[in-house]
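# Geometric and topological summary
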Amino acid sequence: MNRTMEWTVRVDLSEEDGTTKAEAVLDTGTAKLTGHGIARCSPQDPDVPTIGDELAASRAMRDVAGQLMTVADRALGEAGAGPADGPVPPPYAWSDATA
């Protein structure tokens, strides 16, 4: 089976008083997953907004990734593809040889 799909991720950032908040939304066309992330600037650290943006956005996207893994794990179980025999080494991914 050959197919091509496009999923989009939108990340919205807001900053107030040294706290950056991020919301990441993954839209698959059939479902949306929303993740949240936050970053706070320590009072002794210089205020570099870009760093807060990067931290908050990465945390929001990691939240979405965890939700997506949960959805995929559930779908695997429903399809009868049980857990692998023995431990599964991280990360969950296809190797370049099988992709």
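Above this note sits the structure.
This write-up is about the structure you can find in this document.

Reading the values: rules and limits
- Positions within a chain are numbered from 1, following the residues in the order the chain's sequence is written.
- The model is predicted, so local features are restricted to residues of pLDDT at least 70 and side-chain atom pairs to those at 80 or more, both for listing and for counting; the totals for chains, interfaces and linings are taken over all residues.
- Side-chain numbers here rest on the full set of heavy atoms in the structure, without hydrogens or water.
- Strands are runs of DSSP state E lasting at least 2 residues, helices are runs of H or I lasting at least 4, and numbering of each runs from the N terminus.
- Every helix has an expected span of 1.5 Å times one less than the residues it contains.
- Only protein chains enter the accessibility calculation, which uses a 1.4 Å probe; a residue is then buried when its area is under 20% of its type maximum, exposed when over 50%, and partly exposed in between.
- Two strands are counted as paired when DSSP detects at least two bridges linking them.
- Simply put, an axis is a line fit to the C-alpha atoms, just over the touching stretch for a helix, and the angle between two N-to-C directions goes from 0 to 180 degrees.
- Contacts are assigned to residue pairs that have any heavy atoms within 4.5 Å of one another.
- Patches draw on residues past 30% relative accessible area with no salt bridge. Two like charges within 9 Å are joined, as are two nonpolar side chains (Val, Leu, Ile, Met, Phe, Trp, Tyr) within 5 Å.
- Where accessible areas are quoted, they stem from the Shrake-Rupley method and a 1.4 Å probe; at the residue level, only the protein chains shown are allowed to cover.
- A pairing counts as a salt bridge when a side-chain nitrogen of Lys or Arg comes within 4 Å of a carboxyl oxygen of Asp or Glu.
- In this charge count, Lys and Arg are treated as positive and Asp and Glu as negative; neither His nor the chain ends contribute.
- Charge placement uses NZ in Lys and CZ in Arg. For Asp and Glu, CG and CD serve respectively.
- We call a set of buried Ala, Val, Leu, Ile, Met, Phe, Trp, Tyr and Cys residues a nonpolar core when their side-chain atoms join them within 4.5 Å.

### A word on helix 1 (residues 49–78)
Its 30 residues give helix 1 an end-to-end C-alpha distance of 44 Å, which sits within 8% of 44 Å, the value for a rise of 1.5 Å per residue. Regarding helix 1, the residues found buried are G52, A56, A57, A60 and V64. G80 occupies a position one or two residues after helix 1 and carries a positive phi of about 85°.

### Structural notes on the environment of L55
Looking at the element boundaries, L55 is found in helix 1. Residues L55 and G37, spaced 18 residues apart in sequence, show a C-alpha to C-alpha distance of 7.8 Å.

### Details of the sheet that holds strand 1 (residues 8–16)
Spatial ordering of the open sheet is given by 1-2-3, a layout of three strands whose pairing is antiparallel. The open sheet terminates on both sides in strands that have one partner only, identified here as strand 1 and strand 3 (32–40). Across the sheet, the mean angle from the axis of one strand to that of its neighbour is 15°, orientation sign disregarded. Pairing analysis gives nine bridges linking strand 2 (residues 19–27) to strand 3, with the strands arranged antiparallel. Among the inter-strand pairings, T19 is bridged to a residue of strand 3, identified as R40. Its contacts with the sheet put helix 1 on strand 1, strand 2 and strand 3, and the angle it makes with strand 3 is roughly 145°.

### A few points about a negative patch on the surface
Taken together, E15, E16, D17 and D47 make up a surface patch of like negative charges. Residue placement: E16 occurs in strand 1. Judged by its relative accessible area of 59%, E16 is exposed.

### A look at the nonpolar core
One finds A22, A24, L26, L33, A39, A56, A60 and V64 forming the largest nonpolar core, which totals eight residues. The set of elements that each furnish at least two residues to this core consists of strand 2, strand 3 and helix 1. Dropping the residues within four chain positions of it, L26 is found in contact with W7, T8, V9, A31, K32, L33, V64 and L68.

### Some details on a nonpolar patch on the surface
Together, V9, V11, L13 and M61 make up a nonpolar patch on the protein surface, roughly 310 Å² of accessible area in all. Top contributing element to the nonpolar patch by residue count: strand 1, with three residues. Examined against the element boundaries, V9 turns out to sit in strand 1.

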